[in-house]
Amino acid sequence: MTATASRIPFADLAAQLQATGPTDPCCGNAREEAFARFAAVGIPTSRDEEWRFTPVRHLGATEFGLPGDSPALSAQDIAPFLTSGGSLRIVVVDGRVDPALSHFSSAAGIRVASLAGAGAANTQGVITCAGDSATALATPFAALNAALWSDGAAIHIGPGVTVEAPIEIVHVATPAADVAVISPRTVIYAAAGASATVVESFAALTGAGYFTNAACEIVLGEGARLQHVRLQREDATATHIGITSVQQERGSHYRSFVLSQGARLSRHDLHARHHGEEVETLLYGLYLGRDEQLVDNHTAIFHDQPRCNSWEVYKGVLADRARGVFNGKVVVQPVAQRTDAKQTNRNLLLSDRAKIDTKPQLEIFADDVKCTHGATVGRLDESQRFYLRARGIAGREAQMLLVTAFVAEVFMEITDPMIRSAVERLVRAEINTLIG
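Residues numbered from 1 in each chain as written. Predicted model: local features only at pLDDT ≥ 70, side-chain atom pairs only at ≥ 80, totals over all residues. Heavy atoms only, no water.

## Describing the sheet that holds strand S12 (residues 225–232)
Turning to step 1, where the next piece is worked out: Here ten strands make up an open sheet; going across it, the order is S4-S3-S7-S10-S12-S14-S16-S18-S20-S22 and the pairing mixed. Edge strands, defined here as strands with exactly one partner in the open sheet, are strand S4 (96–97) and strand S22 (369–378).
Turning to step 2, where the next piece is worked out: One ladder, built from seven bridges, connects strand S7 (residues 167–173) with strand S10 (residues 195–204); its direction is parallel. When the bridges of S10 are listed, Val172 appears paired with Ala203.
Turning to step 3, where the next piece is worked out: Across the sheet, helix H9 (residues 395–411) is in contact with strand S14 (253–260), strand S16 (280–289), strand S18 (309–318) and strand S20 (339–349); its angle to S18 comes to roughly 150°.
Turning to step 4, where the next piece is worked out: Against the sheet, helix H10 (residues 417–434) contacts S10, S12, S14, S16 and S18, and its axis sits at roughly 30° relative to S16. (Pairing = 2+ DSSP bridges. Helix = DSSP H or I, 4+ residues; strand = E, 2+ residues; numbered from the N terminus. Contact = heavy atoms within 4.5 Å. Axes fitted to C-alpha atoms, helices over the stretch in contact; angles between N-to-C directions.)

Laid out in structure tokens, this is it:
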């Protein structure tokens, strides 16, 4: 996508870019269809049930452009955003892949590349779902991303291939993206029997009022295994909206950990659909809010086949006037007998002014199932404070211990020790700010 200095109302942005934007032979009519979808639906309002607690009116009132020419970044600039020592890395600066900072791979069975480059080369399998219509229809902002994306990360793992080291995708916003729309796209395809860990991070060097509208599409072949860690720590003035769409074939395993702690307003939709039997989906999430942040997590697991398992635990810690939203949906179709699905949302409020809107949902149309769900909202336990105080641990130190213990359950589910340690450092630093 070419850069432009002009700024126009957000609602008119898609229409203007439709006339000037690029065409992609690999996507066919997907861009035009996505433009039409967004134009028909528009920006959600409070009358839309899925967006009732997440006002995005400010987007319609903002005049956005596209990122300008990004400054040259060094390895030292992105070092704070790295979480593993993996040798495979894609760095996306203001929505465009930076080849100088990225470590691509075209080794046998592993393809890690720029999505635009993969599209230009029409690489088989890498862009399998780059223009997936189901994802584009999921939300209005998913449609906007499908219309506007110009680059992103493409990962293809061949049949039976195990990638030992984590693959990192680092999205960085710079001052070139001030009051601009960034539309990165990630495509991950793991063929039958493949296995990998992917870390996807969103961060900023600096910025003012930019809007990250991200999409990630994942396809897991029969028996494939993927651990997907998503870390969102955008600038405090930014808006971050993202969607992750997962399609799972028979016997596949998807393990997700989502950390949301940045941006003025953030929302992440995570949809997992079971296309085969004996699928397993594990979703873990943690959201930390302070000041007047709003952080929203919407998840949906579609049990479309029998004998599949899902397990979901999301936790939130909110301070000051922060607001959280959690909506977790599990849908069990009539054919999906022998389903085992569990869902939990737990929230800790550190302020009288913090607020959470939580809505766990089960939609069950089968009778031979084991499904549970629940949600809790509370404050720090005074009896636990007293216990610590009686042992010489009080004040800030006691709060730090209690809050860290509350959230540890979810980030300890990250199986890679180096990534887990990096996430724990991020979480501890943010908790220290929350209780301050």
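Once you've had a look at it, read on.
## A word on the side chain of His298
Turning to step 1, where the next piece is worked out: Its place among the elements puts His298 in strand S17 (residues 294–303).
Turning to step 2, where the next piece is worked out: Judged by its relative accessible area of 5%, His298 falls in the buried class.
Turning to step 3, where the next piece is worked out: For His298, the side chain forms a polar contact with the side chain of Asp296, separated by 2.7 Å.
Turning to step 4, where the next piece is worked out: In contact with His298, not counting residues within four places along its chain, are Glu50, Arg267, His268, Asp269, Leu270, Val325 and Asn327. (Buried < 20%, exposed > 50% of the residue type's maximum accessible area, 1.4 Å probe, protein only. Polar contact = N/O pair within 3.5 Å; in protein donor to acceptor, adjacent residues only side chain to side chain.)

## Focus on unusual backbone geometry
Turning to step 1, where the next piece is worked out: Despite not being glycine, Asp94 has its phi angle at roughly 55°, a positive value.
Turning to step 2, where the next piece is worked out: Among the structural elements, Asp94 can be located in the loop between strand S3 (88–93) and S4.
Turning to step 3, where the next piece is worked out: You will see that Asp291, though not glycine, has its phi angle at about 50°, which is positive.
Turning to step 4, where the next piece is worked out: Mapping Asp291 onto the fold places it in the loop between S16 and S17.

## Overview of the pattern of salt bridges
Turning to step 1, where the next piece is worked out: All chains considered together, the criterion is met by 21 salt bridges.
Turning to step 2, where the next piece is worked out: The salt bridge involving Lys359 is made with Glu49; its shortest N-O contact spans 3.1 Å. Pair noted here: Lys359 is in strand S21 (residues 355–364) and Glu49 is in the loop between helix H2 (30–41) and helix H3 (57–60), with a separation of 310 residues, a long-range link.
Turning to step 3, where the next piece is worked out: According to the relative accessible area criterion, Lys359 is partly exposed, its value standing at 31%.
Turning to step 4, where the next piece is worked out: What makes Glu49 partly exposed here is its relative accessible area of 43%.
Turning to step 5, where the next piece is worked out: One salt bridge in this structure joins Asp340 and Lys370, with 4.0 Å as the shortest N-O distance. Here the residue Asp340 occupies a position in strand S20, and Lys370 occupies one in strand S22, the gap between them amounting to 30 residues.
Turning to step 6, where the next piece is worked out: Take Lys370: its relative accessible area is 56%, and that puts it in the exposed class.
Turning to step 7, where the next piece is worked out: It is possible to trace a salt-bridge network through shared partners that takes in Arg250, Glu277, Glu278 and Arg307. (Salt bridge = Lys/Arg side-chain N within 4 Å of Asp/Glu carboxyl O.)

## Quick word on the confidence of the model for the chain
Close inspection of predicted coordinates is inappropriate in any region flagged by low pLDDT.
Turning to step 1, where the next piece is worked out: Per-residue confidence for the chain averages 88 on the pLDDT scale, and 89% of its residues sit at or above 70.
Turning to step 2, where the next piece is worked out: Confidence drops under pLDDT 50 across residues 1–6; counting only partners more than four residues distant or on other chains, this segment forms 14 contacts. (pLDDT = per-residue confidence, 0-100.)

## Overview of the nonpolar core
Proteins that are soluble and globular tend to have nonpolar side chains buried together.
Turning to step 1, where the next piece is worked out: The biggest cluster of nonpolar side chains holds 39 residues, and the ones touching the most others in it are Ile155, Val163, Ile218, Leu226, Tyr254 and Leu318.
Turning to step 2, where the next piece is worked out: Non-local contacts of Ile218, meaning those with residues more than four positions away in its chain, are made with Ile188, Leu226, His228, Thr244, Ser245, Val246, Gln247 and Tyr254.
Turning to step 3, where the next piece is worked out: Among the nonpolar cores identified, the runner-up in size contains 32 residues, and Val199, Ala319, Val407 and Val423 belong to it. (Core = buried A, V, L, I, M, F, W, Y, C linked by side-chain atoms within 4.5 Å.)

## Side note on the packing of H2 against helix H7 (residues 140–148)
Turning to step 1, where the next piece is worked out: Two numbers describe how H2 lies on H7: the axes approach to 8 Å, and their chain directions differ by 145°. When you trace H2 past H7, the crossing you get is left-handed. Between H2, through Arg31, Ala34, Phe35, Arg37, Phe38 and Val41, and H7, the contact on the second element is made entirely by Pro140, Ala143, Leu144, Ala146, Ala147 and Leu148.
Turning to step 2, where the next piece is worked out: Residue composition of the contact of H2 with H7, grouped by class: ten nonpolar, no polar and two charged. (Left-handed = near helix turned anticlockwise from the far one by under 90°. Nonpolar A, V, L, I, M, F, W, Y, C, P; charged D, E, K, R; others polar.)

## Structural notes on H9
One full turn of an α-helix is made of 3.6 residues, so residues set three or four places apart face in the same direction.
Turning to step 1, where the next piece is worked out: With 17 residues, H9 ought to run about 24 Å at 1.5 Å a step, and its terminal C-alpha atoms sit 25 Å apart, in line with that.
Turning to step 2, where the next piece is worked out: Along H9, the helix axis deviates most sharply at Ala405, where the bend reaches about 30°.
Turning to step 3, where the next piece is worked out: Every buried residue of H9 is listed here: Ala398, Met400, Leu402, Val403, Thr404, Phe406, Val407, Ala408, Val410 and Phe411.
Turning to step 4, where the next piece is worked out: For H9, the elements touching its buried residues are S14, S16, S18, S20, helix H8 (382–389) and H10. (Expected span 1.5 Å × (residues − 1). Bend = angle between axes of the 7 residues up to and from the residue.)

## Structural notes on the pairing of strand S9 (residues 185–190)
Turning to step 1, where the next piece is worked out: Within S9, five of the six residues are buried, which leaves the element mostly enclosed by the surrounding structure.
Turning to step 2, where the next piece is worked out: Relative to S9, strand S6 (residues 152–157) runs parallel, the two sharing six bridges. Its bridge partner being in S9, Ile155 is matched across the sheet by Ile188.
Turning to step 3, where the next piece is worked out: Of the pairings in the sheet, the one linking S9 to strand S11 (residues 211–220) comprises six bridges and is parallel in character. Pairing of Val187 across the sheet is with Glu217, part of S11.

## What about the pairing of S11?
Moving residue by residue along a regular strand, the side chains alternate between the two faces of the sheet.
Turning to step 1, where the next piece is worked out: Burial analysis of S11 places ten of its ten residues in the buried class, the great majority of the element.
Turning to step 2, where the next piece is worked out: Neither face of S11 is left uncovered, since the one carrying Phe211, Asn213, Ala215, Glu217 and Val219 and the one carrying Thr212, Ala214, Cys216, Ile218 and Leu220 both have all their residues buried.
Turning to step 3, where the next piece is worked out: Relative to strand S13 (residues 239–248), S11 is paired through ten bridges, and the arrangement is parallel. Across the sheet, the residue bridging to Thr212 is His240, located in S13.

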